[in-house]
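As a plain string of letters, each chain reads:
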Amino acid sequence: GQNIDQPTEMTATEGAIVQINCTYQTSGFNGLFWYQQHAGEAPTFLSYNVLDGLEEKGRFSSFLSRSKGYSYLLLKELQMKDSASYLCAVYSGGYQKVTFGTGTKLQVIP
Amino acid sequence: GAVVSQHPSRVICKSGTSVKIECRSLDFQATTMFWYRQFPKQSLMLMATSNEGSKATYEQGVEKDKFLINHASLTLSTLTVTSAHPEDSSFYICSARKSTDSNQPQHFGDGTRLSIL
């Protein structure tokens, strides 16, 4: 089966850097998505990693290690509007579908 | 960018009513659309994969006779919750992926908040 783990909640200070980790186990791994979801809204796409390494996109960066089954999302220069849930999702070719983790609720405080 | 439209955004109805939710890809063709359900403070749970022109693939534990899916064109999939009961109250979200590349991200509709009284 598939297993995706990420912390339930995190708190960080405005202007700081926060790293949200995600570990996964699956068969036929194709890639890993990160989505942001504000309360009561649908998820919005942040990043998609297929190869090992770090991909930077503005204040957000995402890292993947396929051999370790590990990814992280790095948020820099945190803003209050970054308070949201961050969903790690794995695309498995073996299952031909995207499976979401339980999400990490990030609270940014002044 | 890719846009997915979902309608209605909110439904409140009596127990026993059937409710239809539409999901449209506005600027791209999607042979595959996905239907998710999200209960409060939980993550998205895939209910079914909707394939244009063929039967939907349901996840284990999802009743296909209760959650009817029709994917009649490359831009439209519908989910009908038949004889809805209070336990069906949830946030239903559809997503679609561009047909040509399975590694492209899924783009989500805005979701439908269903409340059954």
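Our subject is the structure that appears above.
Quick caveat, the model's predicted, so the values are computed rather than measured.

1. Brief notes about the environment of T80 of chain B
Residues and elements named next belong to chain B.
And step 1. Its place among the elements puts T80 in strand 8 (residues 76-81).
And step 2. By relative accessible area, which is 17% here, T80 ends up buried.
And step 3. In sequence terms T80 and V19 are 61 residues apart; their C-alpha atoms lie 5.4 Å from each other.
And step 4. The contact partners of T80, leaving out residues within four places of it in the chain, are S18, V19, K20, K66, F67 and L68.

2. Here we look at the interface of chain B and chain A
And step 1. The interface of chain B with chain A comprises 19 residues on the first partner and 17 residues on the second.
And step 2. Contact between chain B and chain A buries roughly 1400 Å² in total, counting both sides, with carbon and sulfur atoms accounting for 55%.
And step 3. Summed over the shared surface of chain B and chain A, the result is 0 salt bridges.
And step 4. Counting every contact that joins chain B to chain A gives 2 residue pairs in polar contact (both at pLDDT 80 or more).
And step 5. At the level of secondary structure, the elements contributing two or more residues to the side of chain B that touches chain A comprise strand 4 (32-38) and strand 9 (90-97) of chain B.
And step 6. Residues of the side of chain B that touches chain A, tallied by class, amount to 7 nonpolar, 8 polar and 4 charged.

3. Side note on the packing of aromatic side chains
And step 1. Evaluation of the coordinates by the stated rule reveals 14 aromatic pairs over all chains.
And step 2. Taking 5.0 Å as the distance between ring centres and 15 degrees as the angle between the ring planes, the aromatic pair formed by F63 of chain A and Y72 of chain A counts as stacked.
And step 3. In this structure F63 of chain A comes out as partly exposed when scored by relative accessible area, which is 22%.
And step 4. Its relative accessible area of 16% is what places Y72 of chain A among the buried residues.
And step 5. Look at Y36 of chain B and F108 of chain B: their rings are 5.8 Å apart centre to centre, the planes differ by 50 degrees, and that puts the pair in the tilted class. Here F108 of chain B lies in strand 10 (residues 107-108) and Y36 of chain B lies in strand 4, a separation of 72 residues in the sequence.

4. Quick look at the layout of surface pockets
Where empty space is left in the structure can be found by rolling a water-sized probe over the atoms.
And step 1. In this structure, the largest pocket spans a volume of roughly 620 Å³.
And step 2. If you go around the largest pocket, you meet 24 residues; those closest to its centre are S85 and K105 of chain A together with P40, K41 and Q42 of chain B.
And step 3. Those elements giving two or more residues to the lining of the largest pocket turn out to be strand 9 (84-92) and strand 11 (104-109) of chain A.
And step 4. Along the lines of polarity and charge, the residues of the lining of the largest pocket split into 7 nonpolar, 12 polar and 5 charged.
And step 5. In this structure, the second largest pocket occupies an estimated 370 Å³ of space.
And step 6. Considering the residues around the second largest pocket, the lining is formed by 21 residues, among which T99 of chain A together with L44, M45, L46 and E59 of chain B are closest to the centre.
And step 7. Secondary structure elements with two or more residues in the lining of the second largest pocket: strand 1 (3-5) and strand 10 (97-100) of chain A together with strand 4 and strand 5 (45-51) of chain B.
And step 8. Ranked by residue count, the leading element in the lining of the second largest pocket is strand 10 of chain A, at 4 residues.
And step 9. Considering only residue class, the lining of the second largest pocket consists of 10 nonpolar, 8 polar and 3 charged.

5. Some words on the nonpolar core
And step 1. W35, F67, L79, Y92 and L114 of chain B are the most contacted members of the largest nonpolar core, which has 24 residues in total.
And step 2. For this core, the elements supplying multiple residues, two or more each, are strand 2 (10-13), strand 3 (19-25), strand 4, strand 5, strand 7 (67-73), strand 8, strand 9 and strand 11 (112-116) of chain B.
And step 3. The contact partners of L114 of chain B, leaving out residues within four places of it in the chain, are V11, C13, V19, V81, D88, S89, S90 and Y92 of chain B.
And step 4. Of all hydrophobic cores here, the second largest spans 21 residues; its members include C22, F29, L73 and Y86 of chain A.

Conventions used here
Residues numbered from 1 in each chain as written. Chains lettered and ligands numbered in written order. Predicted model: local features only at pLDDT ≥ 70, side-chain atom pairs only at ≥ 80, totals over all residues. Heavy atoms only, no water. Helix = DSSP H or I, 4+ residues; strand = E, 2+ residues; numbered from the N terminus. Buried < 20%, exposed > 50% of the residue type's maximum accessible area, 1.4 Å probe, protein only. Contact = heavy atoms within 4.5 Å. Buried area = accessible area lost by both parts, 1.4 Å probe. Salt bridge = Lys/Arg side-chain N within 4 Å of Asp/Glu carboxyl O. Polar contact = N/O pair within 3.5 Å; in protein donor to acceptor, adjacent residues only side chain to side chain. Nonpolar A, V, L, I, M, F, W, Y, C, P; charged D, E, K, R; others polar. Phe/Tyr/Trp six-rings, centres within 6.5 Å; stacked < 30°, edge-to-face > 60°. 1 Å grid on protein atoms, 1.4 Å probe; cavity = no way out; pocket = protein on both sides within 12 Å on 5 of 7 lines; lining within 4 Å. Points joined across faces, edges and corners; volume = space filled by probe spheres on them. Core = buried A, V, L, I, M, F, W, Y, C linked by side-chain atoms within 4.5 Å.

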